[in-house]
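Architecture at a glance
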Amino acid sequence: MEMSSRAEIDGDPDINKGSMWILDQKLDQPMDEEAARLRNMYREKKFSALLLLRLAFQSLGVVYGDLGTSPLYVFYNTFPHGIKDTEDVIGALSLIIYSLTLIPLLKYVFVVCRATDNGQGGTLALYSLLCRHAKVKSIPNQHRTDEELTTYSRSTFHEQSFAAKTKRWLERHASRTNALLIIVLVGTCMVIGDGILTPAISVLSASGGIKVDHPHMSNDVVVIVSVIILVGLFSMQHYGTDRVGWLFAPIVLLWFLLIGGIGMFNILKYDRSVLKAFLPVYIYRYFRRGGKDGFTSLGGIMLSITGTEALFADISHFPVSAVQIAFTVVVFPCLLLAYSGQAAYLMQNQDHVSDVFYRSIPDSIYWPVFIVATAAAVVASQATISATFSIIKQALAHGCFPRVKVVHTSKTFLGQIYVPDINWILMILCICVTAGFKNQSQIGNAYGTAVVIVMLVTTLLMVLIMILVWRCHWILVVIFTALSLAVECTYFSAVLFKVDQGGWVPLVIAGAFLLIMYVWHYGTVKRYEFEMHSKVSMAWIVGLGPSLGLVRVPGIGLVYTELASGVPHIFSHFITNLPAIHSVVVFVCVKYLPVYTVPEEERFLVKRIGPKNFHMFRCVARYGYKDLHKKDEEFEKKLFDNLFLFVRLESMMEGCSDSDEYSLYDQQTEYSRDALLKNDGHATTSVIDLTISSVDSIMPAIAPSNVNSTVLSSGHLSSQTEVDEIEFLNSCRDAGVVHIMGNTVIRASRGSRFYKKIAVDYIYAFLRKICRENSVIFNVPHESLLNVGQIFYV
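A quick note: this is a predicted structure, and the numbers were derived from the prediction, not measured.

Following the criterion strictly, the structure yields 17 salt bridges and no others. Ionic pairing is found between arginine 603 and glutamate 600, a salt bridge with its closest N-O pair at 3.0 Å. The partly exposed category is assigned to glutamate 600, whose relative accessible area is 40%. One network of salt bridges, with partners in common, ties together Asp85, Glu87, Asp88, Arg285 and Arg289.

This paragraph deals with the confidence of the model for the protein. For the protein, per-residue confidence averages 79 on the pLDDT scale, and 81% of positions sit at 70 or higher. The secondary structure element of the protein with the lowest average pLDDT is helix α26 (residues 687–690), at 28, and the one with the highest is helix α15 (residues 320–348), at 94.

Let us now look at the packing of helix α2 (residues 49–63) against α15. At a minimum axis separation of 8 Å, α2 and α15 run at an interaxial angle of 75 degrees. Regarding the angle of α2 to α15, the classification is roughly perpendicular. Taken together, the residues of α15 that come into contact with α2 (itself represented by Leu52, Leu55, Ala56, Ser59, Leu60 and Val63) are Ser321, Ala322, Val323, Ile325, Ala326, Val330 and Val331.

Glancing now at the environment of tyrosine 528. Secondary-structure assignment places tyrosine 528 in helix α21 (residues 504–533). The exposure class assigned to tyrosine 528 is buried, which follows from its relative accessible area of 5%. Sequence spacing of tyrosine 528 and isoleucine 139 is 389 residues, and the spatial spacing of their C-alpha atoms is 7.4 Å.

A few words on the pairing of strand β4 (residues 551–560). Here is the key point about a regular strand: its side chains alternate between the two faces of the sheet. Extensive coverage of β4 is indicated by the burial of seven of its ten residues. Pairing of β4 with strand β5 (residues 580–592), which is carried by eight bridges, proceeds in the parallel orientation. Looking across to β5, one finds that tyrosine 560 is bridged to valine 588. Here β4 runs beside strand β9 (residues 737–747); their pairing, made up of five bridges, is parallel. Bridging from a neighbouring strand, tyrosine 560 pairs with methionine 741 of β9.

Let us now look at a nonpolar patch on the surface. Together, Phe162, Trp474, Ile475, Leu476, Val478, Ile479 and Leu483 give the surface a local cluster of nonpolar side chains, amounting to about 710 Å² of exposed area. The element best represented in the nonpolar patch is helix α20 (residues 474–496), accounting for six residues. Mapping leucine 483 onto the fold places it in helix α20. Judged by relative accessible area, leucine 483 falls into the exposed class, the value being 59%.

A few words now on the packing of aromatic side chains. A complete count under the given rule lists 20 aromatic pairs for this structure. Ring centres 5.9 Å apart and planes at 85 degrees place the aromatic pair phenylalanine 389 and tyrosine 418 in the edge-to-face group. With a gap of 29 residues between them, phenylalanine 389 in helix α17 (residues 366–397) and tyrosine 418 in strand β3 (residues 417–418) connect regions that are remote in the sequence. Here the two residues phenylalanine 389 and tyrosine 418 agree in accessibility, since each one is buried. Look at phenylalanine 754 and tyrosine 755: their rings are 5.8 Å apart centre to centre, the planes differ by 80 degrees, and that puts the pair in the edge-to-face class. Overall, tyrosine 755 belongs to the exposed group, its relative accessible area being 54%. A connected cluster of aromatic rings, assembled from ring pairs, spans Trp255, Phe357, Tyr358, Tyr366, Trp367 and Phe370. Sitting above the plane of the tyrosine 282 ring, arginine 285 keeps its charged end 5.0 Å from the centroid.

Once that is clear, we can look at the side chain of histidine 398. Considering the arrangement of structural elements, one finds histidine 398 in the loop between α17 and β2 (407–408). On the accessibility criterion, histidine 398 (10% relative accessible area) is buried.

Rules used throughout
Residues numbered from 1 in each chain as written. Predicted model: local features only at pLDDT ≥ 70, side-chain atom pairs only at ≥ 80, totals over all residues. Heavy atoms only, no water. Salt bridge = Lys/Arg side-chain N within 4 Å of Asp/Glu carboxyl O. Buried < 20%, exposed > 50% of the residue type's maximum accessible area, 1.4 Å probe, protein only. pLDDT = per-residue confidence, 0-100. Helix = DSSP H or I, 4+ residues; strand = E, 2+ residues; numbered from the N terminus. Axes fitted to C-alpha atoms, helices over the stretch in contact; angles between N-to-C directions. Parallel < 35°, antiparallel > 145°, perpendicular 65-115°, else oblique. Contact = heavy atoms within 4.5 Å. Pairing = 2+ DSSP bridges. Patch = residues over 30% accessible without salt bridge, like charges linked within 9 Å, V, L, I, M, F, W, Y side chains within 5 Å. Areas by Shrake-Rupley, 256 points an atom, 1.4 Å probe, with all protein chains shown as cover. Phe/Tyr/Trp six-rings, centres within 6.5 Å; stacked < 30°, edge-to-face > 60°. Lys NZ or Arg CZ within 6 Å of the ring centre and 35° of its normal.

Rendered as structure tokens:
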């Protein structure tokens, strides 16, 4: 496994780091080659034809449920006031055909799906990919060692290349990176809105089949049935999809075969002339004849491509090639047949546009199709709800959402999670939308608004991906951007006409979530900046001496901090007010990186702070946005295992070093001391400057079997020192472990503007009060918890 022990530029000068520098020199080249081999194995992973077909079949249930249920409500939302001319049906069908071809097929399946972050899709995954190729991450808590992860891919640019110029332009002003974050959050909030609107419109449309067979039934009965199904759907979320997920693919495949077969039957029975819709000239005639009404009807046409974003967000479960096969072989042809069949039926039954899907079903199979349609609507709703949970988890990892409880629902599939608080919020909002509107038309208007905004955000992010990651020629970028925006901006302008007819719903929902996410992110960044600006100088720690000027009592103190470097202000605040500190102090930083996962063997970075007789260490635990910090006792055990391993390796490296290596190390140490004396006591206004003031070595703890054989065969190991320190650490661990956590409260300064006071003193303070405490997340026993409070003003 890769060994990434690099000399770091950091704000925490260390006195005793020679052993780690030597280890880096001895093990650098072999581990880099091993890391490259592992990366290539991952990237070149191939699938057999049989396995690929099986995965393509399974992807139907997870990826295409939402897109597949669109035929339930598209024509009704396109012609909510009825059909005036039969040729309008052909024009609408032509628009549907080319919308499905341009957006889901060409843009998403064959372009956007290749822009995944190691297989992970969605707006936040694209943002994470950009964060690794440009300095756009607003919380600069990364080390260079993070770039050595096997899941971290980053490339360099030629100084005069278009990509390099774009990168410099993006990084030049904080306002641009902030604008990029807001765009990403807007897209994220709209996807959350999809998680509310998809179950509402899918279940309501499927339940509407009851009224078709019983035309005198009140619409309230359909709404009540829909609400009952929705309550059952959300109530079952805590079981996860692992137990019933095997049903999804057969249900959705049966659904596609049914709608495709019914569509072909209707084409042959009613009107084959609808196949003229494959000629784009009918689109021009449709707009010329319909005028403004024809243009606004695009809001209904757009519903034919809803679920495309869910396709991209849920792609992480399957290889791209499997998703492409499923779409081109099953989904695309069946959808074309379904819409063509409905259009053929409408050519002779224009009055049935409000429930054309159920009206066009042959009587002999009506109720079986109704059952399958309801099951497919539930599967589609499940897919968007699961995607919403995943997005909330990603937002948590980026510091953009309050800490909420995240539960694993499957021991087999790590990506299957359940967020209880969000689940019940989604259920309440979904029921309110269903019961409040009571019809598909206004919900469809709301749904279309949310979908088109997400697509616009994806297009903007894809432009940056093509430039910074793929290094595409600017002409290709312009072609992709022009084609995408031409279609999506047209749809966007059409849905704007329907904002007052239900389109305001996703805007209000997204606005509320955007306010919560941005305010939380703002507070998180300010807390981190406070930690960076107020962290303690290493010179001050060294000046205190081995006892730190206090009584060292038996035990280990785990000081939790958001800093991956430097001694946090909470530590000086603690020892200034209390007369004693533990014999061993470990600064623990749990941080998330812009990668989808951090392998278990690369998760921990361990280093020593100060001379050995200080017994001070730092442990950085790194997670990806798909990883879950589980609520178990394993975290503390793994932390100490890596700490003990670090001590052994450090002792080995001291024993096998030579004079030349030490002489170079002495020069490094001398430089570090000079830098630390120059920087001591001088505050700086830039967070970035604070991270480049000195040299800092951090190493991942690895199993001794992975250590270079040259190191293990050395006959000059300081074994006695190692044994003594290991025994000392074990005795301190037996004496007791205390978890010291900071409780930093931010307040708006007296001269702040009123909106800042509202955001910080009320909204952020409220979110901090209702979110989970760190002690709960880390499963810290109450009897060994010590909270240290601080207040600072922004």
